[in-house]
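Take a look at the letters that make up each chain.
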Amino acid sequence: GKFLMKNLNAEIPVNKRAPNGQYKIIIQFLVEKDGTTKNHEAVTRHGYGMEEECLRVLKSSGNWEPALRDGQPVRYYRKQPITFVISED
């Protein structure tokens, strides 16, 4: 959460004139046993540069906690929602 808030450029959709509203972006990616991530892909298609910006930030987010099954790390797909709120102010 903090990493996303600090690194995401929320001005991108504003600068691309996205209509006011709330946009929930979903990025799916694979978290490997060692916590590295790959196969980042946008599930949503809102446009205005939002998916691209989320992909950029998530690809640079470093290692994630791997999922555990019976105490052992396993690879898993994660769907990460990120919400942009565009308003007049």
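What counts and what doesn't
Residues numbered from 1 in each chain as written. Predicted model: local features only at pLDDT ≥ 70, side-chain atom pairs only at ≥ 80, totals over all residues. Heavy atoms only, no water. Helix = DSSP H or I, 4+ residues; strand = E, 2+ residues; numbered from the N terminus. Buried < 20%, exposed > 50% of the residue type's maximum accessible area, 1.4 Å probe, protein only. Contact = heavy atoms within 4.5 Å. 1 Å grid on protein atoms, 1.4 Å probe; cavity = no way out; pocket = protein on both sides within 12 Å on 5 of 7 lines; lining within 4 Å. Points joined across faces, edges and corners; volume = space filled by probe spheres on them. Nonpolar A, V, L, I, M, F, W, Y, C, P; charged D, E, K, R; others polar. Pairing = 2+ DSSP bridges. Core = buried A, V, L, I, M, F, W, Y, C linked by side-chain atoms within 4.5 Å.

**Remarks on the overall build of the protein**
Link 1 in the chain: Secondary structure assignment for the protein yields three helices and five strands.
Link 2 in the chain: Tracing the protein from N to C terminus, the helices and strands come up as α-α-β-β-α-β-β-β.
Link 3 in the chain: Summarising its shape, the C-alpha atoms of the protein cover approximately 50 × 25 × 15 Å along the three principal directions.
Link 4 in the chain: Residue burial in the protein is summarised as follows: out of 89 residues, 35% are buried.
Link 5 in the chain: Within the protein, residue pairs in contact and separated by at least 24 positions form 70% of the contacts whose partners lie at least 6 positions apart.

**Considering unusual backbone geometry**
Link 1 in the chain: A positive phi is found at Asn-39, a non-glycine position, where the angle reads about 55°.
Link 2 in the chain: Tracing the backbone through its elements, the reader meets Asn-39 in strand β2 (residues 37-42).
Link 3 in the chain: Judged by its relative accessible area of 43%, Asn-39 is partly exposed.
Link 4 in the chain: Even without being a glycine, Tyr-48 presents a positive backbone phi close to 55°.

**Observations concerning the environment of Tyr-77**
Link 1 in the chain: Considering the arrangement of structural elements, one finds Tyr-77 in strand β5 (residues 76-86).
Link 2 in the chain: Classification of Tyr-77 by relative accessible area gives partly exposed; the value is 49%.
Link 3 in the chain: Residues Tyr-77 and Val-43 lie 34 residues apart in sequence; the distance between their C-alpha atoms is 12 Å.
Link 4 in the chain: What Tyr-77 contacts, discounting residues up to four positions off in sequence, is Gln-28, Phe-29, Leu-30 and Asn-39.

**Looking at the layout of surface pockets**
Link 1 in the chain: By volume, the largest pocket amounts to about 290 Å³.
Link 2 in the chain: Considering the residues around the largest pocket, the lining is formed by 16 residues, among which Ala-10, Glu-11, Thr-83, Phe-84 and Val-85 are closest to the centre.
Link 3 in the chain: Elements represented by at least two residues in the lining of the largest pocket include exactly α1 (2-7), α2 (11-15) and β5.
Link 4 in the chain: Here the residues of the lining of the largest pocket sort into 10 nonpolar, three polar and three charged.

**Concerning the pairing of β2**
Link 1 in the chain: One ladder, built from four bridges, connects strand β1 (residues 21-31) with β2; its direction is antiparallel. Looking at the pairing, Gln-28 lines up with Glu-41 of β2.

**With respect to the nonpolar core**
Link 1 in the chain: One finds Tyr-23, Ile-25, Ile-27, Cys-54, Ile-82 and Phe-84 to be the most contacted residues of the largest nonpolar core, which totals 17 residues.
Link 2 in the chain: The set of elements that each furnish at least two residues to this core consists of β1, α3 (50-59) and β5.
Link 3 in the chain: Residues in contact with Ile-27, not counting those within four places in the same chain, are Glu-41, Ala-42, Glu-51, Cys-54, Leu-55, Leu-58, Arg-78, Lys-79 and Gln-80.

**Some words on the environment of Ala-67**
Link 1 in the chain: Tracing the sequence through the fold places Ala-67 in strand β3 (residues 67-69).
Link 2 in the chain: Placed 32 residues apart in sequence, Ala-67 and Gly-35 show a C-alpha to C-alpha distance of 8.7 Å.
Link 3 in the chain: Setting aside residues no more than four positions away along its own chain, Ala-67 makes contact with Gln-72, Pro-73, Val-74 and Tyr-76.

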